[in-house]
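Examination of the molecular architecture
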Amino acid sequence: MFRLANPNRFMQWSGKLLPWCAIATAIFLGLGLWLALFVAPPDYQQGESVRIMYVHVPSAYMATTVYAIMAVASAVALIWRHPVADIAAREAAPLGAGFTLLCLVSGSLWGKPMWGTWWVWDARLTSVLVLFFLYLGYIALINAFDEPTRGARAGAILALVGVVNLPIIKFSVDWWNTLHQPASIFRLGGPTIAASMLWPLAVMALGFTLFFVTLWLMRIRSALMAAKLRALRLQQAV
Amino acid sequence: MEVVDQFLAMGGYARFVWPAYAVAVIVMGGLLIETIVTYRKRRRALDAAEKLRR
């Protein structure tokens, strides 16, 4: 695994993988959008407003998954001082922040017609808002040092401390009273959501995942190119 | 056209459903454009620097 993470090796295999990821992203997001808007049935209670779910649930899933990925990359960077791991963590953050924002806004737009309010300060909503601020804090922190390696280390520690928020988000709907519904997909005993809605949701979630992987690979490559460019310029200056 | 109108009306929830999809397009499209623009800029700069070195 570490051989694949060598910067030159990474550039090689990610360059080959990238076009396939991009094509798969386009296919699954396109298919997911079509299923979500045209094929999936309206809900018997929520009517057509349930179509917000196909944006809200995948973005919520990505918001937390990307944070977990960022924390793992941060741990690898702290323990093994691996340069690509630092870059991987840093480049995941804006994507995760974007998904979290999307989750909050789409949830608000779904909450208004269904709960009668845009926002409540309950455990689920508040813990996801905390997640959003963790992403923003992380991005601010890694850029706050003159020496990039110190910023990366401080950021990695923040990312790891913030991991406690992930189980809080997941179990907030069970531990506290909330307007938010409990888990209906990743739960013991299997999903309780109807198959006609689960399939479009799964396709959309896969599309979101592929979208993240594609952009993440591109951003890591971008950062590695910038590092190489700096090294070349230093060489020329000598 | 009635079919289209009916679809766009989203059973009366149009003003919640469409903004949710619009925000998705804006957020994900914004990230996509920013990523591609930076990538291309660096690719070009790196190619130019490597050509200079040879």
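Residues numbered from 1 in each chain as written. Chains lettered and ligands numbered in written order. Predicted model: local features only at pLDDT ≥ 70, side-chain atom pairs only at ≥ 80, totals over all residues.

A few words on the overall build of chain A. A count of helical and extended segments in chain A gives 7 helices and 0 strands. Its helices and strands taken in sequence order, chain A reads α-α-α-α-α-α-α from the N to the C terminus. Each principal axis of the C-alpha distribution contributes one length, and for chain A these read about 70 × 35 × 30 Å. Considering chain A as a whole, with its 238 residues, one finds that 40% of them fall into the buried category. (Helix = DSSP H or I, 4+ residues; strand = E, 2+ residues; numbered from the N terminus. Buried ≥ 20, exposed ≤ 12 C-beta atoms within 10 Å, placed from the backbone.)

A word on the overall build of chain B. When helices and strands are tallied, chain B shows 2 helices and 0 strands. Radius of gyration (C-alpha) of chain B: 21 Å, far over the 10 Å computed for a compact globule of 54 residues. Across its three principal directions, the C-alpha atoms of chain B cover 65 × 20 × 5 Å. Counting only residues that meet the buried cut, chain B has 17% of its 54 residues in that class. (Rg over C-alpha atoms; globule rule 2.2 N^0.38 Å.)

Another aspect to go through is the interface of chain A and chain B. Each side of the interface is counted separately: chain A has 30 residues, and chain B has 23 residues. Among the elements of the structure, α3 (83-115) and α7 (195-237) of chain A are those that each provide at least two residues to the side of chain A that touches chain B. Ranked by the residues each element gives to the side of chain A that touches chain B, the list is headed by α7(A), at 12 residues. Classifying every residue of the side of chain A that touches chain B gives 18 nonpolar, 5 polar and 7 charged. (Contact = placed C-beta atoms within 7 Å. Nonpolar A, V, L, I, M, F, W, Y, C, P; charged D, E, K, R; others polar.)

In this section: the confidence of the model for chain B. Where the model shows low pLDDT, its predicted coordinates should not be examined in detail. Put simply, chain B has an average pLDDT of 91, and 98% of its residues get 70 or more. Across the interface, the model reports ipTM at 0.92; the global pTM reads 0.93. (pLDDT = per-residue confidence, 0-100.)

Attention now moves to the packing of α3(A) against helix α4 (residues 123-142) of chain A. Residues and elements named next belong to chain A. Running from N to C, α3 and α4 point in directions that differ by 150°, and their axes come no closer than 9 Å. Classified by the angle between their axes, α3 and α4 sit roughly antiparallel to one another. Between α3 and α4 lies a crossing whose hand is left-handed. Only Val128, Leu129, Leu131, Phe132, Tyr135, Leu136, Tyr138, Ile139 and Ile142 of α4 make contact with α3, whose side of the interface consists of Arg90, Ala93, Pro94, Gly96, Ala97, Thr100, Leu101, Cys103 and Leu104. Tallied by class, residues from the contact of α3 with α4 come to 15 nonpolar, 2 polar and 1 charged. (Axes fitted to C-alpha atoms, helices over the stretch in contact; angles between N-to-C directions. Parallel < 35°, antiparallel > 145°, perpendicular 65-115°, else oblique. Left-handed = near helix turned anticlockwise from the far one by under 90°.)

Attention now goes to the nonpolar core. Counting 72 residues, the largest nonpolar core has A:Ile52, A:Ala63, A:Val66, A:Met70, A:Ala89 and A:Ala92 as its most contacted members. Going through the elements one at a time, α1 (7-39), α2 (53-80), α3, α4, α5 (148-161) and α7 of chain A together with α2 (14-53) of chain B are the ones with two or more residues in this core. The dominant element in this core, judged by the number of residues it contributes, is α7(A), at 17 residues. Every residue in contact with A:Val66, bar those within four places of it in the chain, is listed here: A:Ala92, A:Leu95, A:Gly96, A:Phe99 and A:Phe212. (Core = buried A, V, L, I, M, F, W, Y, C linked by C-beta atoms within 7 Å.)

All right, on to the confidence of the model for chain A then. Here chain A averages 91 in pLDDT, and 97% of its residues register 70 or above. The least confident element of chain A is helix α6 (residues 165-175) of chain A, whose mean pLDDT is 86; the most confident is α2(A), at 96.

Residues and elements named next belong to chain A. It is the contact of α1 with α7, at a shortest axis distance of 7 Å, that shows an interaxial angle of 150°. In terms of axis orientation, α1 runs roughly antiparallel to α7. Viewed along their axes, α1 and α7 form a crossing whose handedness is left-handed. Partitioned by chemical class, the residues of the contact of α1 with α7 number 25 nonpolar, 5 polar and 1 charged.

On to α1(A). Residues and elements named next belong to chain A. Leu17 marks where α1 bends most, by close to 30°; the proline Pro19 follows one to four residues later. Of all the residues in α1, the buried ones are Thr25, Phe28, Leu29, Gly32 and Ala36. The secondary structure elements touched by the buried residues of α1 are α2 and α7. (Bend = angle between axes of the 7 residues up to and from the residue.)

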